[in-house]
Each structure stands twice: as structure tokens, then as C-alpha cells.
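# Survey of secondary and tertiary structure
What follows is the residue order along each chain.
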Amino acid sequence: MTAHIIDGIALSKQLRADVALRAAALRARGVVPGLAVILVGENPASQVYVRNKVKACEDSGLHSVLERYPATLSEAELLARVDALNRDPAIHGILVQLPLPAHIDAHKVIEAISPAKDVDGFHVASAGALMVGQPGFWPCTPYGCMKMFESIGYDLKGKHAVVIGRSNIVGKPMALMLLQKNATVTICHSGTPNLKAMTLQADVVVAAVGKRNVLTADMVKPGAVVIDVGMNRNDEGKLCGDVDFDGVKEVAGWITPVPGGVGPMTITMLLVNTLEAAEMTPTVARSA
Ligand code: NAP
């Protein structure tokens with residue numbers, strides 16, 4: 001058996017085309033959806049991520065502002081910038097690229113972002129809203145995974161989903177989203193004694209660990225849906241996920257590749273959240 005591939009690039013294209021249409025409709029009403037991206041320091045991976053985010057905005061008709069600061073920027077200066085962006089009517093979404101330099105408290109900075117502009121979905125108000133099933137911005141990576149299930153018409157109700165990883169930005173929100181769709185959810189982490197015993201029972205596995213080959217073919221139930229969030233480098237320096245793709249694709253029913261899977265979906269959902277933030281501004285919402 002060879003698994004069907006869930007193509008994150010093709011799905012992203014569809015979703016971004018819809019974003020572009022809705023952004024054009026907003027523009028026609030005098031509102032240009034705007035995202036501000038703040039980058040502090042010279043982290044090479046962060047530089048690539050923010051460039052990709054800014055380019056994706058431009059390609060979809062969203063306005064974006066990239067603010068770059070040296071690693072010496074103080075926490076107070078950064079908080080002042082976030083405060084100014086909170087009050088800027090041209091900006092609907094604010095993203096502070098993580099990690100931040102060690103002298104800046106990332107939690108404090110994220111909490112300073114207005115929940116109405118928290119398009120990364122990392123604010124505790126967004127996390128709380130997801131927890132209690134209220135409207136709010138969902139973190140982009142797990143939100144993108146949910147769109148992938150939707151794209152293949154997969155009904156999560158009653159399915160056993162195993163999420164490997166419990167970070168605040170991927171694992172935990174992923175588990176809550178799956179729960180909201182009535183899956184039975186197990187969260188595994190570095191303290192899980194027998195990961196294989198868990199994953200072998202799973203109809204759905206989401207791997208969000210950051211280690212190669214965390215999930216191999218012998219750990220997967222035939223026909224399972226396998227979503228690979230991991231981003232790692234193999235021995236040749238090529239991008240790869242947490243899943244042994246070549247082995248697992250012979251057992252799984254559906255699988256996401258790396259690259260070309262969850263990665264593009266993450267940026268796409270950032271565009272979706274930014275667009276929705278613009279659509280929810282009082283002037284637009286009132287006239288809708
Ligand atoms: P993280 O904060 O480092 O969390 C990793 C999680 O994996 C932790 O909960 C950890 O458990 C768990 N873990 C570590 N070793 C394990 C093992 N052997 N078995 C089971 N669980 C184990 O990472 P993250 O931010 O969630 O990101 C996870 C991966 O996704 C990374 O590769 C990251 O680059 C990637 N990522 C990709 C995208 C994308 O757009 N494609 C977006 C975000 C993240 P403990 O909690 O016990 O330490």
C-alpha cells in the first residue's frame with residue numbers, strides 16, 4: 001500500500017487564492033489588510049521565515065511591514081513598538097518572530113500584543129479561547145493541519161488521534177483542535193514510556209517533535225493519517241520531517257511530505273488570520 005499524499009503546496013495555493021479574493025474585496029471598501037512582522041536580531045532561520053511571510057503577504061494582496069531591530073534592542077523598546085502597532089489602524093495583525101534574544105521576556109512581549117491582532121494565536125487570550133471553544137485566532141501550524149484533514153474530507157469524530165509533542169505553539173493547540181472535532185486524543189512527549197504502543201493504536205498521528213525518524217513504519221497502523229510537522233535536516237543537509245517518510249508511506253493511508261506539507265500551510269493560515277483580523281475591524285464588521 002502506498003499512502004495518498006496531502007499536498008500542502010496545492011492546498012495552500014487554493015486557500016491563498018481565496019485570501020487574495022477576500023483581500024481585494026476589502027480593498028474595494030478602502031481597507032487594506034496589514035500585517036506587521038517584528039524581527040529582533042540576526043537569527044538566520046528567522047530571517048528566512050520573516051522574508052517568506054512578507055512575500056506571501058505581497059503575493060496575496062496584503063500589506064506588510066517588516067520591522068528589523070538589532071539584538072541589542074531593549075525589552076522596553078520592543079514593548080513600545082508593539083504598543084504603537086496595537087494602536088495603528090493600518091495594521092490588523094502583529095507577529096513577533098521567535099526566538100527573541102535572551103534578555104527579552106518573549107512571554108511578556110506576546111502578552112503585550114492586542115488579542116484582536118494576535119494572528120499567530122500565541123496570546124493566552126487566544127489559547128484560552130481555543131481551550132473553551134470560543135472564537136479567537138488559532139495558532140497557524142495546527143490550524144493548517146486541521147485544514148489538511150478538511151481537504152481530504154476526513155471525519156475526525158470517534159477517531160483516535162495521537163499527537164507527539166506538547167509545545168504551546170503546536171502540540172497542545174493541535175490536541176485541542178482535534179478534540180473539538182470529537183477525536184479521542186492522546187498527547188505524547190519525551191516522558192512517554194512506550195510511544196510505539198500509543199501510535200500503533202492511532203487512526204491519526206501528528207508528529208511535532210523536531211527529531212528525525214521519531215515515527216517509523218513499524219509504529220503506524222495500516223491506513224492511518226500521518227501529519228508531519230517536524231522540520232529537521234538529514235545527513236545531506238536536506239530538509240526532512242519527524243517521520244520516516246519512505247517507510248511510513250508504505251503503511252499509512254495519507255501522509256504529508258516535508259518539504260511541501262505543513263510548512264506552506266503555516267504561512268497560509270497566517271494570511272487567513274490576518275485577513276480575518278481585518279474583516280473583524282469595527283468599521284468593516286459594522287458595514288458587512
Ligand atoms: P518543541 O517546543 O521543542 O517541542 C517538542 C516536543 O516534542 C516536546 O513536547 C517534547 O517533549 C517532545 N519530544 C521530544 N523528544 C521526544 C521523543 N523522543 N518522543 C516523544 N516526544 C518527544 O518544538 P515545537 O515548537 O513544537 O516544534 C516541533 C517541530 O515542529 C520542530 O521540528 C519545529 O521546527 C517544527 N515546526 C514546524 C512548523 C512548520 O511550519 N512546519 C511550525 C512550527 C514548528 P517534552 O515536552 O517532554 O520536552
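Residues numbered from 1 in each chain as written. Predicted model: local features only at pLDDT ≥ 70, side-chain atom pairs only at ≥ 80, totals over all residues. Heavy atoms only, no water.

### As for helix α7 (residues 171-180)
Considered for burial, the residues of α7 that qualify are Gly171, Pro173, Met174, Ala175, Met177 and Leu178. Just past α7, the residue Asn182 takes up positive phi, approximately 70°. (Buried < 20%, exposed > 50% of the residue type's maximum accessible area, 1.4 Å probe, protein only. Helix = DSSP H or I, 4+ residues; strand = E, 2+ residues; numbered from the N terminus.)

### Side note on the domain arrangement of the protein
Note: interface size is frequently given as the accessible area lost on complex formation between the parts. Taken domain by domain, the protein consists of domain 1 (30-115) and domain 2 (140-263). Centre-to-centre, using C-alpha coordinates, domain 1 lies 29 Å away from domain 2. (Domains from an automatic or database assignment.)

### A few points about the site of the ligand
Around the ligand sit 20 residues in total, of which Arg166, Ser167, Ser190, Lys211 and Thr266 are the nearest. Note that a nitrogen atom of the ligand is positioned 2.9 Å from one of the side-chain N or O atoms of Lys211. For the ligand, an oxygen atom lies 2.7 Å from a polar atom in the side chain of Thr266. Isolated, the ligand exposes 930 Å² of accessible area, and the fraction of that covered by the protein chains is 71%. (Near = heavy atom within 4 Å. Polar contact = N/O pair within 3.5 Å; in protein donor to acceptor, adjacent residues only side chain to side chain. Areas by Shrake-Rupley, 256 points an atom, 1.4 Å probe, with all protein chains shown as cover.)

### Thoughts on the sheet that holds strand β11 (residues 254-255)
The six strands lie next to each other as β1-β11-β8-β7-β5-β6, forming an open sheet whose pairing is parallel. Bordering the open sheet on either side are β1 (4-5) and β6 (184-188), each of which pairs with just one other strand. As judged from the two bridges shared by strand β8 (residues 225-228) and β11, these two strands associate in the parallel manner. From the neighbouring strand, Val226 faces β11, where its bridge partner is Ile255. Along the sheet, α7 contacts β5 (160-164), β6 and β7 (204-207); its crossing angle with β5, the most-contacted strand, is approximately 170°. (Pairing = 2+ DSSP bridges. Contact = heavy atoms within 4.5 Å. Axes fitted to C-alpha atoms, helices over the stretch in contact; angles between N-to-C directions.)

### Concerning the packing of aromatic side chains
Across all of its chains, the model carries two aromatic pairs by this definition. Look at Trp138 and Tyr143: their rings are 5.4 Å apart centre to centre, the planes differ by 70°, and that puts the pair in the edge-to-face class. By relative accessible area, which is 15% here, Tyr143 ends up buried. A centroid spacing of 6.1 Å and a plane angle of 35° characterise the contact between Phe149 and Tyr154, whose relative ring orientation is tilted. Sitting over the face of the ring of Tyr154, Lys159 holds its NZ or CZ atom 5.1 Å from the ring centroid. (Phe/Tyr/Trp six-rings, centres within 6.5 Å; stacked < 30°, edge-to-face > 60°. Lys NZ or Arg CZ within 6 Å of the ring centre and 35° of its normal.)

### Describing the packing of helix α6 (residues 140-151) against α7
Relative orientation of the contacting elements α6 and α7 amounts to 35°, with a least axis distance of 9 Å. The interaxial crossing formed by α6 with α7 has right-handed handedness. Taking contact as the criterion, the partners of Pro142, Tyr143, Cys145, Met146 and Phe149 in α6 are, on α7, Pro173, Met174, Met177 and Leu178. In terms of residue class, the contact of α6 with α7 is made up of nine nonpolar, no polar and no charged. (Left-handed = near helix turned anticlockwise from the far one by under 90°. Nonpolar A, V, L, I, M, F, W, Y, C, P; charged D, E, K, R; others polar.)

### Looking at the sheet that holds strand β2 (residues 34-40)
Sheet strands associate in pairs through backbone hydrogen bonding, adopting either a parallel or an antiparallel arrangement. The parallel open sheet is built from three strands, whose spatial order is β3-β2-β4. Here the strands that pair on one side only, and so sit at the sheet edges, are β3 (63-69) and β4 (93-96). Within the sheet, the average angular offset between the axes of one strand and its neighbour, ignoring direction, is 15°. With four bridges connecting them, β2 and β4 associate as parallel partners. Note that in β4 the partner of Ala36 across the bridge is Ile94. In this fold helix α3 (residues 75-86) packs onto β2, β3 and β4, with an angle of close to 175° to the strand it touches most, β2.

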